[in-house]
Amino acid sequence: MSSEVALGMPAVGGSVLLADPRGYCAGVDRAVITVEKALDLYGAPVYVRKQIVHNKHVVNNLAARGAIFVEELDEVPMGATVVFSAHGVSPMVHTEAAERDLKTIDATCPLVTKVHHEARRFASEGKHILLIGHAGHEEVEGTAGEAPESITLVEHPDDVDGLDFPADAKLSWLSQTTLSVDETMETVRRLREKFPQLQDPPSDDICYATQNRQVAVKEIAQGADLVIVVGSANSSNSVRLVEVALEAGAKASYRIDDISEIDDAWLDGVEKIGVTSGASVPDNLVQDVLAYLSDHGHPDADAVRTADESLIFALPPELRRDMKRAGTT
């Protein structure tokens, strides 16, 4: 159990500060529920392309219920039901699914879908898109697939130095939704400096949940001896939380999947501890960490709230249609 403290209150010795917001965002919640409802409605197996969200515990739990996770659609039997992950897919994947007569349920986060729409619009206007993101990440692959001839990937601020476009080139930028806000804005600053004609997207693409979790971890990291971030290694937003915590002043920060990965030595001489989790992490894993800390001489956590989140996304329309026909909710 945790109590809540006002923003900016000094922490007492031996304190544990719990970031709020943390854990599941609306897009992740929608994606996980989509697979659960699909299993209930259609029965097992339901195939899922890639991990539905980047958390191994969530994936393992759904697999135990009958979800089968595959890397590519050629692993899915003809005519079967397949769910597309929250990270989005390229048009080529939709085409392949149609060719294999697959029943598809698209659980792409609506905020990622927005970026796809922007990529198509910019490309149709003849603009070249500078996509800020990490090579190989599923979200980047999906967005880049919307206009592959019109997109150049920019992974780090220093990559801007190597870009070469004529002064009259029509340029715009987009970004992966789960990046470090500060690093992305530094990349954009350098892009604007080099290419004054650069056009911004209608709104920053980094999602509200990613931003909120980074603001919250900054608050609990100030003066912290240790910040523990719960999240899987392939979760971009979880990895960024560790980086942000260190940049905000934490003496040490570690990412863990669960309490089995905590090293008791991390707690030696530690007084102020911060705890948070990535946007694809169920809260029971965080509660396990709090119980572990309590068992090791650290008190119940004080929640530090920096934002309220109430956004809810509707389930994919194709799933809602079938649920209505079946008389289920």
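Look above for the structure.
What counts, and where the lines are drawn
Residues numbered from 1 in each chain as written. Predicted model: local features only at pLDDT ≥ 70, side-chain atom pairs only at ≥ 80, totals over all residues. Heavy atoms only, no water. Salt bridge = Lys/Arg side-chain N within 4 Å of Asp/Glu carboxyl O. Helix = DSSP H or I, 4+ residues; strand = E, 2+ residues; numbered from the N terminus. Buried < 20%, exposed > 50% of the residue type's maximum accessible area, 1.4 Å probe, protein only. Arc of directions from axis to C-beta. Contact = heavy atoms within 4.5 Å. Phe/Tyr/Trp six-rings, centres within 6.5 Å; stacked < 30°, edge-to-face > 60°. Lys NZ or Arg CZ within 6 Å of the ring centre and 35° of its normal. Pairing = 2+ DSSP bridges. Axes fitted to C-alpha atoms, helices over the stretch in contact; angles between N-to-C directions.

1. So, the pattern of salt bridges
Within this structure, the stated rule accounts for 25 salt bridges. Measuring nitrogen to oxygen at the nearest pair gives 2.7 Å for the salt bridge that ties Lys103 to Asp322. Here the residue Lys103 occupies a position in strand 6 (residues 103-106), and Asp322 occupies one in helix 10 (residues 317-326), the gap between them amounting to 219 residues. Taking relative accessible area as the criterion, Lys103 reaches 28% and is therefore assigned partly exposed. Arg189 is paired through a salt bridge with Glu186; the nearest N and O atoms lie 2.8 Å apart. Taken together, the positions of Arg189 and Glu186, both in helix 6 (residues 181-194) and three residues apart, correspond to about one turn of that helix. The network of salt bridges with shared partners includes Asp158, Glu186, Arg189, Arg190 and Glu193.

2. Let's talk about helix 10
Listed as buried for helix 10 are Glu318, Leu319, Asp322 and Met323. Buried residues of helix 10, seen end-on, are gathered within an arc of 135° and therefore sit on one face of the element. Of the residues in helix 10, the exposed ones pointing more than 90 degrees away from the buried face are Lys324 and Arg325. Among the structural elements, helix 1 (26-42) and strand 6 are those in contact with the buried residues of helix 10. Where helix 10 terminates, the next one or two residues include Gly327, which has phi positive at roughly 75°.

3. With respect to the packing of aromatic side chains
In the structure shown here, the tally under the stated rule is two aromatic pairs. When the ring of Phe165 is compared with that of Phe195, the centres are 5.7 Å apart and the planes differ by 75°; the resulting orientation is edge-to-face. Residue Phe165 is found in the loop between strand 8 (151-154) and strand 9 (171-175), and its partner Phe195 is found in the loop between helix 6 and helix 7 (208-221); the two are separated by 30 residues along the sequence. Judged by relative accessible area, which is 3%, Phe195 ranks as buried. For the ring pair Tyr254 and Trp266, a centre distance of 4.0 Å and an interplane angle of 5° mean the geometry is stacked. A residue pair is termed long-range when its members are at least 10 positions apart, and Tyr254 in strand 11 (residues 253-256) and Trp266 in the loop between strand 11 and strand 12 (273-277) qualify at twelve residues. Using a relative accessible area of 31% as the deciding quantity, one classes Tyr254 as partly exposed. Since its relative accessible area comes to 17%, Trp266 is described here as buried. When the ring centre of Phe122 is taken as reference, the NZ or CZ atom of Arg121 above it lies at 4.7 Å.

4. Observations concerning the side chain of Glu118
Secondary-structure assignment places Glu118 in helix 4 (residues 110-124). By relative accessible area, Glu118 is classed as buried at 5%. Excluding residues that lie within four positions of it along the chain, Glu118 makes contacts with Leu174, Pro201, Pro202 and Asp205.

5. Notes on the sheet that holds strand 4 (residues 67-70)
Strands in a sheet are paired, the pairing made by backbone hydrogen bonds, and the direction either parallel or antiparallel. A sheet is described by the order of its strands in space; here four strands give the open sequence 4-3-5-6, paired in parallel fashion. Each having just a single partner strand, strand 4 and strand 6 make up the two edges of the open sheet. Strand after strand, the sheet turns through a mean of 30° between neighbouring axes, direction not considered. Note that strand 3 (residues 46-49) and strand 5 (residues 81-84) share three bridges and pair parallel. Residue pairing for strand 5: Tyr47 is matched across the bridge by Val82. Sheet strands in contact with helix 1 are strand 3, strand 4, strand 5 and strand 6, and its direction is about 150° off that of strand 6.

6. A word on the sheet that holds strand 7 (residues 128-132)
Taking strand neighbours across the sheet as the criterion, the three strands line up as 8-7-9 in an open arrangement whose pairing is parallel. Each having just a single partner strand, strand 8 and strand 9 make up the two edges of the open sheet. Between one strand axis and the next, the sheet turns by 25° as a mean value, whatever way the strands run. One ladder, built from four bridges, connects strand 7 with strand 8; its direction is parallel.

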